[in-house]
Structures are given as structure tokens and as C-alpha cells.
Amino acid sequence: ILLVLCYTVLTSKAQSPEELVKKDWPNLYNDYGKLADKEPANFIFVIDISEENFGPIIRDQIQAFIDALPNGDVVSVILLGPVEKTKAVVRCAPITTATKTEIRQKLSGIKFGTNGSDGLTMLGCIQDALMCPGSAKSLPFVFIFSDFEYYQPGKGGVIPAASNWENKKNTY
């Protein structure tokens, strides 16, 4: 996803947003392209704050994406980290020039390089963002930027993404 966003930002000067979506996500455009002209979108971004090397790049790409959104769409930004740091820093913000500035300030304050990921709290935050007031007719888009490690409070900490899925499945 990061590469797609980077590519989209780099090529956006040559093409309209609609042309870029048609090119990069043809199936998405076929299913929702005409609705996007009529209905607002509800964009939910989850940023894993454990990675200090790629975190700032992801943050900057999300900001560029938000800067290109039309007024009326809604944005939520959720941090994925240890239990106490997994939270929505932007929740159900309708896009306007003023809220874009507020979102930029909140994104610039994100500290990267923590250990752990609380997936259960993250899912609750996503669910809350999907239920934003007035979002019943909006088109939801959820982007999760993570290295896919997760944290189990009280169960030994971080479990690497490369571990066996059967072991993960059996822990719940």
C-alpha cells in the first residue's frame, strides 16, 4: 500500500484523481467509482507506531493523501501501538481546509519507535470510526499500515508476524 500511495502521489500531477483510481484500482473503481461522485468517503488510516524507520514516510504519504481529499469526506487516524498508545488521534473529522491543518498538526506529533501492538483496541477504534455520525451512506475505506506484529497483554508480549498462524489462532 505504501508503494501504491507513493506512486499515486508522484504521478498525480499528470492525471486527475479519478484517472489515478481507475488505473491503480480498476475493480474498486468499477464497483464504487460512480458512487464516489455522489457519496462522501469515510477514510480510516491505522498507523503502526512501532516502526521508526518507515513511520515518518507513511505519515507523510497519508498527509499528502488527505491534502488531496475534497471537502465533505471524513477522516480518522488511529495509532497502533502498545495498549496505552493505541487510540484514535483524529476521529471522524469532516474534511475542510481547517481540519486539514488540524490533522497535519496531529500527524506531525506522532512519535514512532514503540514496542507492541494492541490489535483488539485497534479493532474497536476502527469500529468506532466506521460508525461516525452521518456515515451510514458514506463509502468506507480502511488502510492499515503495519508490519503485522501484534501484542497480547499478559501473554508474553510481541508475537512476530512470521510465527505460525496455527499458534496464533489457538491462543484465543
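Each remark here, short or long, concerns the structure printed above.
Residues numbered from 1 in each chain as written. Predicted model: local features only at pLDDT ≥ 70, side-chain atom pairs only at ≥ 80, totals over all residues. Heavy atoms only, no water.

Asks: Could you give an account of a nonpolar patch on the surface, with specific residues and numbers?
Replies: A contiguous nonpolar surface patch, about 330 Å² in accessible area, is contributed by L130, M131, V142 and I144. Positionally, M131 belongs in the loop between α6 (119-130) and β4 (139-145). (Patch = residues over 30% accessible without salt bridge, like charges linked within 9 Å, V, L, I, M, F, W, Y side chains within 5 Å. Areas by Shrake-Rupley, 256 points an atom, 1.4 Å probe, with all protein chains shown as cover. Salt bridge = Lys/Arg side-chain N within 4 Å of Asp/Glu carboxyl O. Helix = DSSP H or I, 4+ residues; strand = E, 2+ residues; numbered from the N terminus.)

Asks: Outline the side chain of S138, supporting the account with residue identities and numerical values.
Replies: Looking at the secondary structure, you find S138 in the loop between α6 and β4. If we skip the residues at most four places from it in the chain, S138 touches P40, A41 and N42. (Contact = heavy atoms within 4.5 Å.)

Asks: Any details on the packing of aromatic side chains? Residues and values, ideally.
Replies: Tallying each qualifying case throughout the model produces seven aromatic pairs. Judged by centre distance (5.2 Å) and plane angle (80 degrees), the ring pair of F43 and F65 falls under edge-to-face. Pair noted here: F43 is in strand β1 (residues 41-48) and F65 is in helix α4 (residues 55-67), with a separation of 22 residues, a long-range link. Of the two residues, F43 and F65, both sit in the buried class. Plain terms: the ring middles of F45 and F143 are 5.3 Å apart, the flat faces sit at 15 degrees to each other, and that makes the pair stacked. Here the residue F45 occupies a position in strand β1, and F143 occupies one in strand β4, the gap between them amounting to 98 residues. The exposure class of F45 is buried, given its relative accessible area of 0%. (Phe/Tyr/Trp six-rings, centres within 6.5 Å; stacked < 30°, edge-to-face > 60°. Buried < 20%, exposed > 50% of the residue type's maximum accessible area, 1.4 Å probe, protein only.)

Asks: Break down helix α5 (residues 97-108) for me, citing the residues and quoting the values.
Replies: Compared with an ideal rise of 1.5 Å per residue, which puts 12 residues at 16 Å, α5 spans 17 Å between its outermost C-alpha atoms and is within 8% of the ideal. T99, K100, I103 and L107 are the residues of α5 that are buried. Viewed along the axis of α5, the buried residues span an arc of 105 degrees, placing them on a single side of the element. Exposed side chains of α5 directed beyond 90 degrees from the buried face belong to T97, Q105 and S108. Considering only its buried residues, α5 is in contact with β1, α4, β2 (74-80) and β3 (87-94). (Expected span 1.5 Å × (residues − 1). Arc of directions from axis to C-beta.)

Asks: Explain the environment of I58 to me, using residue names and the numbers behind them.
Replies: Along the chain, I58 falls in helix α4. I58 sits 88 residues away from S146 along the chain, and the two C-alpha atoms are 9.9 Å apart.

Asks: How would you summarise the state of the cysteines if you had to cite specific residues and measurements?
Replies: Throughout the structure, instances matching the rule amount to one disulfide. A sulfur-sulfur distance of 1.8 Å marks the disulfide that ties C92 to C132. Linking C92 and C132, the disulfide has an S-S dihedral of approximately -80 degrees and is accordingly described as left-handed. Residue C92 is located in strand β3, and its partner C132 is located in the loop between α6 and β4; the two are separated by 40 residues in the primary sequence. We note that C92, like C132, is buried. (Disulfide = S-S within 2.5 Å.)

Asks: Before we move on, could you go through the nonpolar core and cite the residues and values that matter?
Replies: Side chains that are nonpolar tend, in soluble globular proteins, to be buried together. Residues F43, F45, I62, I66, V75, I103 and L107 are the most contacted members of the largest nonpolar core, which totals 25 residues. When residues of this core are traced back to their parent elements, those giving at least two are β1, α4, β2, β3, α5 and β4. Contact partners of I103, with chain neighbours within four places excluded, come to Q63, I66, V75, V90, A93 and I95. Residues V46, I78, C125 and A129 belong to the second largest nonpolar core, which totals eight residues. (Core = buried A, V, L, I, M, F, W, Y, C linked by side-chain atoms within 4.5 Å.)

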